[in-house]
Amino acid sequence: EWLLCGHTGAVLAHRTFGGCNYAFLGEEGFRALMRDSILALLADGGVKPSDVTAAMLGLTVYGEIPGTEESIPAAIRSVLPDCRLEVDNDSVAGWGGSLAGRPGINVVAGTGSVAYGRDGHGNAYRTGGWSLFFADEGSCSWIARQLITEFVKQADGRRPRSAIYDALRAELDITCDQYFSGYLQTSVRNDSSLLAKLQPVALRAARQGDPAAREIYARAAEELTEMALAIRARLDFASDRPVPVSYSGGLFRAEEVILDPLRACMERGGFRLTPPAYSPAVG
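Below, the structure is looked at part by part. The residue numbers shown here count from 1 along each chain, following its written sequence. Given that the model is predicted, a residue must reach a pLDDT of at least 70 before its local features are reported, and side-chain atom pairs must reach 80 or more before they are shown or counted; all residues, however, enter totals for whole chains, interfaces and linings. Side-chain metrics in this entry use all non-hydrogen atoms of the structure; hydrogen atoms and water are not considered.

## Details of the pairing of strand β5 (residues 104-109)
- Buried residues are those whose accessible area, probed at 1.4 Å on protein chains only, stays under 20% of the maximum for their type, while exposed residues exceed 50% and partly exposed ones sit between those limits. A run of H or I in DSSP becomes a helix once it reaches four residues, and a run of E becomes a strand once it reaches two; helices and strands are each numbered from the N terminus. The buried fraction of β5 is high, at 6 of 6 residues.
- Where β5 lies against strand β6 (residues 113-118), 6 bridges are found, and the strand directions are antiparallel. In the strand pairing of β6, Asn 106 is matched with Tyr 116. Paired strands are those between which DSSP finds at least two bridges.

Following this line, the structure appears as structure tokens:
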């Protein structure tokens, strides 16, 4: 998601393109996507590359893959050679938007999960964001993994069947439970975002009152709170009031299904859950 603003902050253009994960695209693919996206955005706003005075980009995997601190800014500078450029991890943009740049912690739960906080002294710390496949607890992908675990246990009789069983069979058009494992492994290998796309199946079951689905969201809230606790322990927040925590990411479209248990967990942990002030792009 891109915003192009004038010197007063007025939005000149706003565009959303496909995913820009450097780890999936590779250096050349990433460079091409950045070039095409920037030029399309500037064309929408009637602005030449030489008119851009400053740019900030919050990008996934920045600083997590060796060499990205050099290659990612180089890709941007190939299109915007003369502007003041700042690049950081996307978790920083999430914090900047949700808390409007004020001290506190932001938890992100979308395809993956990560949390970032900054105290009043400018100290910062980040937790989570390790991997869609074996970590990123509390994210849409993590919820889908819990959903799959619950499904297979219901399928073979280890647990009683609930709305989850029928919902996942219908979503994936499963006619034989024994085909499920091979189908899923092949599909996820071809499309790593498939796990996150299964989260709405859990959400529908939770909204139907399925206790197993509700429990998955309660555990997701605990995982997200754990990330905030780790950040607070590393930073210097005022001890006389709860630390503000905000949130961003697609999981929170589940609204009360995730926000109710998250608010309860955060309050028990000594935090104050606050709705995001702005989007990560504005951040």
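Having seen it, we continue.
## Regarding the pattern of salt bridges
- Take a side-chain nitrogen of Lys or Arg and a carboxyl oxygen of Asp or Glu: if they are within 4 Å of each other, that pair is a salt bridge. One pass over the full model with this rule turns up 11 salt bridges.
- Residue Asp 260 is joined to Arg 263 by a salt bridge in which the shortest nitrogen-to-oxygen separation is 3.7 Å. Of this pair, Asp 260 and Arg 263 both sit in helix α10 (residues 256-268), 3 residues apart, which is roughly one turn of the helix.
- Salt bridges here are not isolated pairs; linked through shared partners, they connect Arg 207, Glu 255 and Glu 256.

## Side note on the sheet that holds β6
- Taken together, 5 strands build an open sheet; the order of strands is β7-β6-β5-β8-β9 and the sheet is mixed. At either margin of the open sheet sits one strand with a lone partner, and together these are β7 (124-128) and β9 (271-273). Ignoring which end each strand starts from, the neighbouring axes of this sheet average 25 degrees apart.
- Sheet topology note: the β6/β7 ladder contains 5 bridges and is antiparallel. Note on β7: the bridge partner recorded for Val 114 is Gly 128.
- Contacts between α10 and the sheet are confined to β5, β8 (243-248) and β9, with β9 contributing the most and set at about 155 degrees to the helix. Axes here mean lines fitted to C-alpha atoms, for a helix over just the part in contact, with angles spanning 0 to 180 degrees between N-to-C directions. Only heavy atoms enter the contact rule, under which two residues are in contact if any of them lie within 4.5 Å.

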